[in-house]
Every structure is written in structure tokens, then in C-alpha cells.
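# Architecture and fold: a report
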Amino acid sequence: MKIAGFTIVRNAIKYGYPVVESIKSILPLCDKVYVAVGSSEDATLELVRSIAPEKIEIIETVWDDSLREGGRVLAVETDKAFDAIPKDYDWCIYIQADEVLHEKDFPALRAAMQSYKDATEVEGLLFKYLHFWGTYDYVGVSRNWYRQEIRIVKNNKNIRSYRDAQGFRLDGRKLKVKKVEATVYHYGWVRPPEMIKRKISDFNALWHSGEELKRKQEESQSFDYSEINAVKVFEGTHPAVMQNFISSLDWHVDIDPSISKFSFKEKLLFAFERAFNYRLFEYKNYKVLK
């Protein structure tokens, strides 16, 4: 069984992405990792080159920032990395530059990939998610956060990154997937407050233009980590590769996990979800096989 990893990144240093930790978190599972590095304003290319030259293949790209509809450029870049993977690989592990896998999940992932390698009906594997907020101590728990997403796919080049690269589709339809007991640790919302404001402002240009872009960029300047509808204290362990990143945290945010800011409708939906472990009206870009 051959396994490749793939990801995209641009301006990792400017925006504080834990891209080194992200790539290192999948290296033990992969024979090679293919990284599409977009032309950057910082030393992102050199940073990626320094990680593990013997196991990383770099594809240098230029982003088409005019592809604003739904953040389409992110999917286009993801497809470039995926398409670079040779045909002799069985599985492809996708990781975004602010996502990290935990080493405790490696045995379950290896077992699932081996088990379903020759099962033609299984096109991908579905992960659970933890979305960290503000610091490494809190995770978002509202319905705004997606709970699951595909992060391992078969090496079928008819599979394409979907919309803003959150998930995948095959010939335009949802992938048929199996759930795995593994979690993606998403750290995209754990950055210094001023850096997250700059990132939000700049990334709005991937979705909007004209007056709408101007309005979104102005809104980003009032960003406040305390303005979150619900979080809970994280009580687990972080991936080992994140320890240096976590120890370097040098900012403070005021978050009270006992306070929720749900509307009445949101309270009802959240209460139902907690009672029955089922999310009503949940967006699912996949079809789970029994």
C-alpha cells in the first residue's frame, strides 16, 4: 500500500500558519508529500523546502486571485497538488496548512486504509473535527463549525476539490466514504489578534470584490475573539508536533466559556443536538457508507 500526502500553502509566515507542523503530522503516514507552494511575499518556499527534502515534492504555482466565486482558487490549487501524485499511490491524505493530525490516530488510519484499499465502493475516509478558537484551550461548539470532512481519498483523478477546498466530489457528485476514528485539529483561528485581522481582511479578496470586499475588510478591523457564540474548554492532548507552537503563544484573549450568545432558534437546535447527538439541517458534502 502506497500513500501520498498533499497540501497547498502561500504566505505561511505572513499569516502564521503552522504549515511545518501540519506537514510533519502526516509524514509518518506517507511515502511522499506533494506541496503546491504559491508565489509568496515571504520565505514560505524556503520553509517548506527545509522540512524533509527526501519526502517532500514541491510544485511551485501562481494563484489566480480573480477566481473569487466561493474561494474557488483554493480548490484549483488543491487540484494542482493532487494531480501531481503519481498513479501508483493507493491513498492520498489531504491536509490544509492550519490542520494537524494527532499521532494517537495513526493506527486507526493505517488500519482503515488497509481495510478499504481494494473496496471500490469506498472513495474516501471521513474525519471528525476540533476547531480551536482564540488560544489552544478552547474549541468552538456551535453549529457554525463543520463536524466532519473528507481528508483521505482514493487516488482517482476524477475526484476534484470542491468549492473553497473544504471537501471533494467525484464527477460532480458526493463521495462515498467510511468514517474513521480520527480527528483533524484545526488551528486556523488561533493566531495573534492583529495577525488574524490581517488574514481575514486579505482573504476576503478570495471571495469578494468591489464594494462588498471593501465592506468585509472594514468589518475585519473590529474582529474580537470574545465575540463567539459558544466555546468549551479543551480537555484532551494536542498533537506532539504542535508543542513548540503552543509554548510560543504570547497573547491573551478574554473568553468566558460559560457564556453563550445563541439566538432562541440556535438554542433549540443546539439542545436537540446535545440530547440526540444528531445535527438537524447539517450540510454534508459526502455520503456515509454503512
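Quick caveat, the model's predicted, so the values are computed rather than measured.

## Here's the deal with the overall build of the protein
- If you tally the helices and strands in the protein, you get 8 helices and 14 strands.
- Compactness check: the protein gives a C-alpha radius of gyration of 19 Å against a globular reference of 19 Å for 290 residues, within 12% of the reference.
- Projected onto the principal axes, the alpha-carbon positions of the protein cover approximately 50 × 45 × 40 Å.
- Residue burial in the protein is summarised as follows: out of 290 residues, 51% are buried.
- Element-wise, carbon and sulfur atoms account for 51% of the exposed surface of the protein, whose accessible area totals about 14000 Å².
- Separation between the mean location of the 44 positive side-chain charges and that of the 43 negative ones in the protein comes to 6 Å.

## Digging into the pattern of salt bridges
- Summed over the entire model, instances satisfying the criterion amount to 18 salt bridges.
- A salt bridge links glutamate 41 to lysine 14, with the shortest nitrogen-to-oxygen separation between them at 3.0 Å. Here glutamate 41 is found in the loop between strand S2 (32-38) and helix H2 (44-49), whereas its partner lysine 14 is found in the loop between strand S1 (3-9) and helix H1 (19-26), with 27 residues between them in sequence.
- Counted as one network, the salt bridges with shared partners bring together Lys14, Glu41 and Asp202.

## Here we look at the packing of aromatic side chains
- Counted according to the given criterion, the structure contains 18 aromatic pairs.
- Measuring from ring centre to ring centre gives 6.3 Å for tyrosine 185 and phenylalanine 234, while their planes differ by 90 degrees; the resulting arrangement is edge-to-face. In this pair, tyrosine 185 sits in strand S12 (residues 176-189) while phenylalanine 234 sits in the loop between strand S13 (231-233) and helix H7 (243-247), placing the two residues 49 residues apart along the sequence. The same class applies to tyrosine 185 as to phenylalanine 234, namely buried.
- A cation over an aromatic ring shows up here: arginine 191 above the ring of tyrosine 17, its NZ or CZ 4.3 Å from the ring centre.
- Across the ring face of phenylalanine 203, the terminal group of lysine 199 is positioned such that the distance to the ring centre comes to 4.6 Å.

Rules and cut-offs
Sequence order as written defines the numbering, with residues in each chain counted from 1. In keeping with the predicted nature of the model, local features appear solely for residues at pLDDT of at least 70, side-chain atom pairs appear and are counted solely at 80 or more, and the whole-chain, interface and lining totals rest on all residues. For side-chain calculations, the full set of non-hydrogen atoms in the structure is used, while hydrogens and water are omitted. Helix and strand definitions follow DSSP, with helices as H or I runs of at least four residues and strands as E runs of at least two, each counted in order from the N terminus. Radius of gyration here is computed from C-alpha atoms only, and the compact-globule reference equals 2.2 Å multiplied by the residue count raised to the power 0.38. Exposed residues in this analysis have more than 50% of their type's maximum accessible area, buried residues have under 20%, and partly exposed residues fall in between, with area computed by a 1.4 Å probe over protein chains only. For accessible areas, the Shrake-Rupley method is used with a probe of radius 1.4 Å. Any residue's cover is judged against the shown protein chains and nothing else. Counting rule for charge: Lys and Arg are taken as positive, Asp and Glu as negative, and neither His nor the chain ends is counted. For this purpose, a charge sits on NZ of Lys, CZ of Arg, CG of Asp or CD of Glu. In what follows, salt bridge is the name for a side-chain nitrogen of Lys or Arg lying within 4 Å of a carboxyl oxygen of Asp or Glu. Any Phe, Tyr or Trp ring, taking Trp's six-membered ring, that has another such ring centre within 6.5 Å forms a pair; planes under 30 degrees apart are called stacked, those over 60 apart edge-to-face, and the others tilted. Geometrically, a lysine NZ or arginine CZ counts as sitting over a ring once it is within 6 Å of the ring centre and also within 35 degrees of the ring normal.

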